Amino acid sequence: MINVTIDNKQIQVPEGTTILKAARMAGIHIPTLCYFELAGMKFENKPGGCRVCVVEVVKDFNGRPRRNLAPACATDCVEGMEVLTHSARVINARRTVVELILSDHPTDCLTCAKSGNCELQSLAQYLGIREIPFKGEQSHYRQDMSPSIVRDMDKCVMCRRCENMCNNIQTVGALSAINRGFSAVVAPAFEQDLVDSPCVMCGQCVQVCPVGALSEVDDTRNVMAAINNPKKTVIVNTAPATRVALGEEFGMPAGTIVTGQMAAALRRLGFDYVFDTDFTADLTIMEEGTELLGRIKKYMAGDKSVRLPILTSCCPGWVNFFEHNFPDMLDVPSTAKSPMQMFGAVAKNYWADKMGIKREDLVVVSIMPCLAKKYESKRKEFYKDGNPDIDYVLTTRELARLIKQFNLNLKDMPSEDYDDPLGESTGAAVIFGATGGVIEAATRTAYEVFTGKQCPKIDFTELRGMEGIRDAWVDFDGTPIHIGIAHGLSNARKLLERVREGKEQFHAIEVMACPGGCVGGAGQPYHHGNSEIIKKRTEAIYREDAGKPIRKSHENPSIIKLYKEYLGEPCGHLSHELLHTHYFDKSEHVEISE
Amino acid sequence: MHVLVCGGTGCQASASAQIIENFQRILAEKGLQDEVQVVRTGCFGFCEKGPIVKIMPDNTFYTQVKPEDVEKIINEHIIKGRKVTDLLYMDPENREHVSDSKHMGFYRKQLRIALRNCGFINPENIDECISRGGYEALGKCLTEMTPQQVVDEITKSGLRGRGGAGFPTGVKWGLCAKNKCDEMYVICNADEGDPGAFMDRSIMEGDPHSIVEAMAICGYAIGATHGLVYIRAEYPLAIHRLQIAIAQAREYGLLGNDILGTGFNFDIELRYGAGAFVCGEETALIHSMEGKRGEPTLKPPFPAVSGYMAKPSNVNNVETFANVPIIITKGADWFASIGSEKSKGTKVFALAGQINNVGLIEVPMGTTLRDIIYEIGGGIKGGRKFKAVQTGGPSGGCLTEKHLDTAIDYESLAAAGSMMGSGGMVVMDDTSCMVAIAKFYLEFTCEESCGKCSPCRIGNKRMLEILTKITRGDGTMEDLQELRNLAAVIKDTALCGLGQTSPNPVLSTLDNFWDEYVEHVVDKKCRAGVCKKLMSYEIDKEKCIGCGKCAKNCPGDAITKTDYIAPGHKLPSMVIDPAKCIKCGACIAGCKFGAISVK
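Residues numbered from 1 in each chain as written. Chains lettered and ligands numbered in written order. Predicted model: local features only at pLDDT ≥ 70, side-chain atom pairs only at ≥ 80, totals over all residues. Heavy atoms only, no water.

Trainee: Account for the overall build of chain A, with residues named and values stated.
Mentor: Looking only at helices and strands, chain A has 18 helices and 22 strands in total. Computed over C-alpha atoms, the radius of gyration of chain A comes to 25 Å, within 12% of the 25 Å expected from 2.2 N^0.38 for 594 residues, which places it in the range of a compact globule. With the C-alpha coordinates aligned to their principal axes, the bounding extent of chain A is approximately 80 × 55 × 50 Å. Expressed as a percentage of the 594 residues in chain A, the buried residues total 63%. The contacts of chain A with a sequence gap of at least 6 include a subset with a gap of at least 24, amounting to 74%. Carbon and sulfur atoms provide 50% of the accessible area of chain A, an area that totals close to 22,300 Å². For chain A, the distance from the average site of its 68 positive side-chain charges to the average site of its 77 negative ones is 3 Å. (Helix = DSSP H or I, 4+ residues; strand = E, 2+ residues; numbered from the N terminus. Rg over C-alpha atoms; globule rule 2.2 N^0.38 Å. Buried < 20%, exposed > 50% of the residue type's maximum accessible area, 1.4 Å probe, protein only. Contact = heavy atoms within 4.5 Å. Areas by Shrake-Rupley, 256 points an atom, 1.4 Å probe, with all protein chains shown as cover. Lys, Arg positive; Asp, Glu negative; His and termini not counted. Charge placed at Lys NZ, Arg CZ, Asp CG, Glu CD.)

Written as structure tokens, this is what we have:
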């Protein structure tokens, strides 16, 4: 432990503690901008670039004052150090630095997607900046819009969080700093469009961007137009992770479960039917689980050409990632579509037929914690005769905005049920929202199908947790099954490389692109680096599961009925047509636009 | 017999390549190609009088040689043994011809340690280098000294980093040596980037073996076996000569495995930079070598702990390395006896600007600016008045008359508001506008900023905008205050050395030339006549004879006839419309009657 004095408060901190963290321990607030940490998830961004957190070191390691101000986020405490975090010199410097940043910022807060969530806005407020003294040139860049993400680099403050996230946590490598000096900005190589870059649309860059430089594509107007069109039947499905996060946008504590209120609010927005993606999550388990067991049985019967492990394919960011980075392994992932795309397929075929609604008159909207889902819904293989299975995807944040626009408060909503039959689901489906959940759900079903016996337990806690890469052996009544789990794409890459090199063998691997799984998705309310929020959402997911009367996908009565009435059997002919897909080699997909 | 022809930048631009070709051709025609060797050397330093041709062994120094002079030199000097007097340097004071460079004012007060071999050897021949003591120091280190003794010797010598910051070299080596590791690196920073500076380039072109030898010595001292030279790709000759030097050293067993049979292994690779100024900052340099974006990261960790590929690395500048071998052979005490109290040895400067003897010089630390400017530099061009001297490049400042007797070293320059920097020295006379000078350096910094930290990325841009406003006559006194505040904040908050020192040219001119700023702002005047927007051209209606030549010359149709005919003249006088005048000066140049003036 070392002794430091911050603002005349003496404290003891472990060696290697930065001034910023020491100050936080002492209850002293030092404002930051580029600094970002997701505690417990190995993500810390401290390029020392914004210089907002500078402090005055009045006594340094040599007993003398430090010549210049020190960035608190990246300067370690040393024994006997004395620091002033709010001296006149510091306040003037900090204020001038923020004024400089604002002088190269559009300050169009009135219409900015991040307004109210913007860290630069809060900072200007905190420092009491009422005018920007520097009038000069402002940066202008071409706006770029992919199916998921809008890049408005005029607003970029060069905090480099997105770059760090994209390269180190996700190892996607789509974003990096380009140009120099005043023209420096974060962009795909050669300033190409995101769609032409290796971007997988996971959107984690948006989740960490402190300002409005990166935001989601807004589909709320399209959805409202559909609802306002009397010719259209508009139905909606809600992803598992949305129900444990939407409440945050209405001031509820993280981890509040708002499933029923969300369903009620959606009805008041004018959706004709409110369904649940959880229903098709159960369906995914039937398909993916059957596929897994099929492969295992073949393998055990001596067919060594079978590709194991099976990889989950629910996460569109992950699907994009392996299409870009593991094109030699395209036959390894499960061919099962994601729950959302299964929902679209079931809704626009089975349900539309049943209801007598023409495909073109049915609009399917998804509420997702995810930005990649917006892209996924636009993949060509999910269109039929020019009409997509899923018409629009709204993020949790967009839904919150719509609810507010309708002058509704989620807190005041009654708890309502989903509509039948595409609204019935099990506990296995809801845990899709957390890392490890898909594979746990699959295990609950696969065990019973494989062994023909009832599984002695439901909670496979060995598959849960926040470690980036986890693995566990599950005993299928004498047959040991090796399961791997990764969340965050760098972890997925590591795990998959281990598999490719033959260093480790698994029967099944679950991958989620976002840290924490869908609860930490890029469409969720901004967590501003508070990883406790992600943990609370995860806990809520498992609470929701525990409270469900049915907790195994194959026991969902509506699913059983769907197979009986329509699909036949899992992985059968119709399933293959409607519920399975194929993948593409995108490794060469780098185009330089003119 | 040797004919040494300067192959430095300036001389090359004045056709030294053609001179070499002519020598080779004519010597061959006369069958002398085996008797006389023509060598393209590194820079002699005296660029003002280039191209330089030196005939050895009689040490005759020909200046401003033209390709057509070659035949005369061969016929007269080489064949008949008679000096070609009109190509010799003429002493400006006594108008006498001087044939030996050591008697010239330019060289008299110089002491060439880092440049000891430049212009004396064929840099592409290791034997010439060895004959002048090359690799003796490496031999001594490997056979007579322990690594710690080498570190101690360098520490004792007082050698400090010549890249600009002046950190004690021996201490740096010692810090790195403490972090023993299987893989360590010696890095030579050859990313010379100050505008107009060519010290390091000249050393590498003129004496590449001194760098190779010094890096091997450093490797031995700190326990590293890998050497890397980070050199900008636009230095092709330096690269070429280093490549040759490395290959020759390998061939002679002075690089590679088991050097001189002592079991010490060391080898050197070159890494090319794209010429970013910020890559002279050691962490940025290391990132660039690793293939990453060339931008600095915070220290600690210092490269001595985590440098290239996260391994302990020692980074020294070219000139620093060039001093190392001679310190080992002549001893730390010898080196420490040269220079001032805290700054030992010599410093190489690239002398430029409004000075008679432009060139590359090396002087003992503690030499005064007056000696450099008036003795070595031969005073101000055209006998004009000295105004300022800029040292330290974009990170330095402008010093004035009152600093002329400052004995220059790291501390005194910093105390005067400038810095040593890597050794740029630009002398200015009264035709230089100090606001425009500050603006020039800031333009450079803005161009070269990596853009990582906000004060440098945006702050320098805003300072530049304010300076531009002032040079256009739109500045206010509040702007001057804002300049000071911005400069102070940038110094206080920028991430790396580039940003922290970038306000220096502005601050030092604000301090030393405040009146000139105020003139620009309040009187809307540029006394040096540099800021065009502040100038007005006027025709004296009494002197104008109405010939109309000025109007014909004017590209902007700004000059017209008046109704007034001055007494004694037949035609009406002319007048300039200030709104149309683009201040090109074409009217003045054409007026034979001195009727037009600039106010």
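Trainee: Outline unusual backbone geometry, listing residues and values.
Mentor: Glycine aside, residues mostly have negative phi angles, and peptide bonds mostly take the trans form. In this structure, the amide linkage connecting Gly-50 of chain B to the following residue, Pro-51 of chain B, adopts the cis form with an omega of -5 degrees. Note on placement: Pro-51 of chain B falls in the loop between strand 2 (37-41) and strand 3 (53-56). Omega for the peptide link from Met-56 of chain B to Pro-57 of chain B comes to 10 degrees, which places this bond in the cis form. Within the chain, Asp-385 of chain A stands out as a residue other than glycine whose phi angle is a positive 50 degrees.

Trainee: I'd love a proper account of the layout of surface pockets, names of residues and values included.
Mentor: Residues and elements named next belong to chain B. Considering only enclosed or pocket space, the second largest pocket measures out at about 510 Å³ in volume. Along the wall of the second largest pocket there are 22 residues; nearest its centre are Tyr-89, Asp-91, Pro-92, Glu-93 and Asn-357. Taken together, the elements giving at least two residues each to the lining of the second largest pocket come down to strand 5 (89-90), helix 4 (105-108) and helix 15 (369-376). Split by residue class, the lining of the second largest pocket holds seven nonpolar, seven polar and eight charged. (1 Å grid on protein atoms, 1.4 Å probe; cavity = no way out; pocket = protein on both sides within 12 Å on 5 of 7 lines; lining within 4 Å. Points joined across faces, edges and corners; volume = space filled by probe spheres on them. Nonpolar A, V, L, I, M, F, W, Y, C, P; charged D, E, K, R; others polar.)

Trainee: Can you tell me about the sheet that holds strand 8 (residues 144-145) of chain A, naming the residues and giving the values?
Mentor: Remark on secondary structure: sheet strands pair via backbone hydrogen bonds, oriented parallel or antiparallel. All names here are of chain A. Spatially, three strands are ordered 8-9-12 in an open sheet, and the strand pairing comes out antiparallel. Two strands lie at the open edges of the sheet, namely strand 8 and strand 12 (214-216), each paired on one side alone. Bridge analysis of strand 9 (residues 149-151) against strand 12 gives three bridges, and the strand direction is antiparallel. Residue pairing for strand 12: Ile-149 is matched across the bridge by Glu-216. (Pairing = 2+ DSSP bridges.)

Trainee: Mind laying out the pattern of salt bridges, listing which residues take part and the relevant values?
Mentor: Residue and element names in this part refer to chain A. Within this structure, the stated rule accounts for 86 salt bridges over all chains. With its nearest N and O atoms 3.9 Å apart, the salt bridge here joins Arg-444 to Asp-459. Placement of the pair is Arg-444 in helix 14 (residues 437-451) and Asp-459 in the loop between helix 14 and strand 20 (469-476), with a sequence separation of 15 residues. Overall, the relative accessible area of 1% leaves Arg-444 in the buried class. In the salt-bridge network here, residues are joined through shared partners; they are Glu-440, Arg-444, Asp-459, Arg-464, Asp-545 and Arg-551. (Salt bridge = Lys/Arg side-chain N within 4 Å of Asp/Glu carboxyl O.)

Trainee: Explain helix 3 (residues 70-80) of chain B to me, and be specific about the residues and the numbers.
Mentor: Residues and elements named next belong to chain B. Regarding helix 3, the residues found buried are Val-70, Ile-73, Ile-74, His-77 and Ile-78. All buried residues of helix 3 lie within an arc of 115 degrees about the axis, which places them on one face of the element. Remark: Gly-81 follows helix 3 within two positions and exhibits a positive phi of approximately 75 degrees. (Arc of directions from axis to C-beta.)

Trainee: Now, about the packing of helix 6 (residues 136-144) of chain B against helix 13 (residues 318-330) of chain B: what can you tell me, with residues and values included?
Mentor: Residue and element names in this part refer to chain B. Running from N to C, helix 6 and helix 13 cross one another at 60 degrees; their axes reach a closest spacing of 8 Å. By the angle between their directions, the pair helix 6 and helix 13 is classed as oblique. Classified by chirality, the crossing of helix 13 by helix 6 is left-handed. Where helix 6 approaches helix 13, its residues Glu-136, Ala-137, Lys-140 and Cys-141 are matched on the opposing element by Pro-325, Ile-328 and Thr-329. Counted by class, the contact of helix 6 with helix 13 contains four nonpolar, one polar and two charged residues. (Axes fitted to C-alpha atoms, helices over the stretch in contact; angles between N-to-C directions. Parallel < 35°, antiparallel > 145°, perpendicular 65-115°, else oblique. Left-handed = near helix turned anticlockwise from the far one by under 90°.)

Trainee: How would you summarise helix 9 (residues 316-325) of chain A if you had to cite specific residues and measurements?
Mentor: Residues and elements named next belong to chain A. Across the 10 residues of helix 9, nine count as buried, placing the element largely inside the fold. Looking only at helix 9, the buried set comprises Pro-316, Gly-317, Trp-318, Val-319, Asn-320, Phe-321, Phe-322, Glu-323 and His-324. Contacts made by the buried residues of helix 9 are with strand 15 (310-311), helix 11 (372-376), helix 15 (489-500) and strand 22 (508-512).

Trainee: Account for the pairing of strand 1 (residues 2-6) of chain B, with residues named and values stated.
Mentor: Residues and elements named next belong to chain B. Across the five residues of strand 1, four count as buried, placing the element largely inside the fold. As paired elements, strand 1 and strand 3 share four bridges and run antiparallel to each other. Looking across to strand 3, one finds that Leu-4 is bridged to Lys-54. Sheet topology places strand 1 next to strand 2; five bridges connect them, and they run parallel. The partner of His-2 across the bridge, within strand 2, is Gln-37.

Trainee: Which residues make up the packing of aromatic side chains, and what are the values?
Mentor: Residue and element names in this part refer to chain A. As enumerated under the stated definition, the model contains 24 aromatic pairs over all chains in all. With centroids separated by 6.4 Å and ring planes inclined at 35 degrees, the aromatic side chains of Trp-318 and Phe-321 adopt a geometry described as tilted. A residue pair is termed a helical-turn pair when its members lie 3 or 4 positions apart in one helix, as Trp-318 and Phe-321 do in helix 9 at three residues. Of the residues examined, Trp-318 reaches a relative accessible area of 0% and is grouped as buried. (Phe/Tyr/Trp six-rings, centres within 6.5 Å; stacked < 30°, edge-to-face > 60°.)

Trainee: An account of the sheet that holds strand 1 of chain B is needed here, citing residue identities and associated values.
Mentor: Residues and elements named next belong to chain B. Read from one edge of the open sheet, four strands run 2-1-3-4, paired in mixed fashion. The open sheet is flanked by strand 2 and strand 4 (60-62), the only strands paired with a single partner. For this sheet, the mean angle separating the axes of adjacent strands, direction not counted, is 20 degrees. Where helix 2 (residues 16-29) meets the sheet, its contacts fall on strand 1, strand 2 and strand 3, and the angle it forms with strand 1 comes to roughly 160 degrees.

Trainee: Tell me about the interface of chain A and chain B, and name the residues and values.
Mentor: Taken together, the contact between chain A and chain B spans 36 residues of the former and 30 residues of the latter. Summed over both partners, the interface of chain A with chain B buries about 2,600 Å², with 52% contributed by carbon and sulfur atoms. For the salt bridge of Arg-180 of chain A with Glu-448 of chain B, the shortest nitrogen-to-oxygen distance reads 3.4 Å. Between chain A and chain B we count 18 residue pairs in polar contact (both at pLDDT 80 or more) in total. (Buried area = accessible area lost by both parts, 1.4 Å probe. Polar contact = N/O pair within 3.5 Å; in protein donor to acceptor, adjacent residues only side chain to side chain.)

Trainee: Lay out a nonpolar patch on the surface in plain terms, naming residues and giving numbers.
Mentor: Judged by side-chain polarity, Phe-167, Val-171 and Leu-175 of chain B come together as a nonpolar surface patch covering roughly 240 Å² of accessible area. Tracing the chain through its elements places Leu-175 of chain B in helix 8 (residues 169-178). (Patch = residues over 30% accessible without salt bridge, like charges linked within 9 Å, V, L, I, M, F, W, Y side chains within 5 Å.)

Trainee: Would you mind going over the pairing of strand 16 (residues 362-368) of chain A in detail, with residue names and values included?
Mentor: Residue and element names in this part refer to chain A. Strand 16 sits mainly inside the fold: seven of its seven residues count as buried. Judged by which residues are buried, strand 16 turns out to be covered on both faces: Leu-362, Val-364, Ser-366 and Met-368 on one side and Val-363, Val-365 and Ile-367 on the other are all buried. Pairing analysis gives six bridges linking strand 13 (residues 233-238) to strand 16, with the strands arranged parallel. Counterpart to Asn-237 in the pairing with strand 16 is Ser-366. Of the pairings in the sheet, the one linking strand 16 to strand 19 (residues 392-395) comprises four bridges and is parallel in character. Residue pairing in the sheet places Ser-366 in a bridge with Val-393 of strand 19.

Trainee: Lay out the side chain of Asp-219 of chain A with the relevant residues and their values.
Mentor: Residues and elements named next belong to chain A. Topologically, Asp-219 is positioned in the loop between strand 12 and helix 6 (220-228). In this structure Asp-219 comes out as buried when scored by relative accessible area, which is 6%. Once residues within four sequence positions are removed from consideration, Asp-219 is found in contact with Lys-374, Tyr-392, Val-393, Leu-394 and Glu-398.

Trainee: How would you summarise a positive patch on the surface if you had to cite specific residues and measurements?
Mentor: A cluster of basic residues, Lys-549, Lys-552, Lys-561 and Lys-592 of chain B, forms a positive patch on the protein surface. Take Lys-552 of chain B: its relative accessible area is 71%, and that puts it in the exposed class.

Trainee: Explain the environment of Ser-306 of chain B to me, using residue names and the numbers behind them.
Mentor: Residues and elements named next belong to chain B. Locating Ser-306 in the fold gives a position in the loop between helix 12 (282-289) and strand 11 (313-317). In sequence terms Ser-306 and Ala-249 are 57 residues apart; their C-alpha atoms lie 29 Å from each other. Excluding residues that lie within four positions of it along the chain, Ser-306 makes contacts with Pro-301 and Lys-311.

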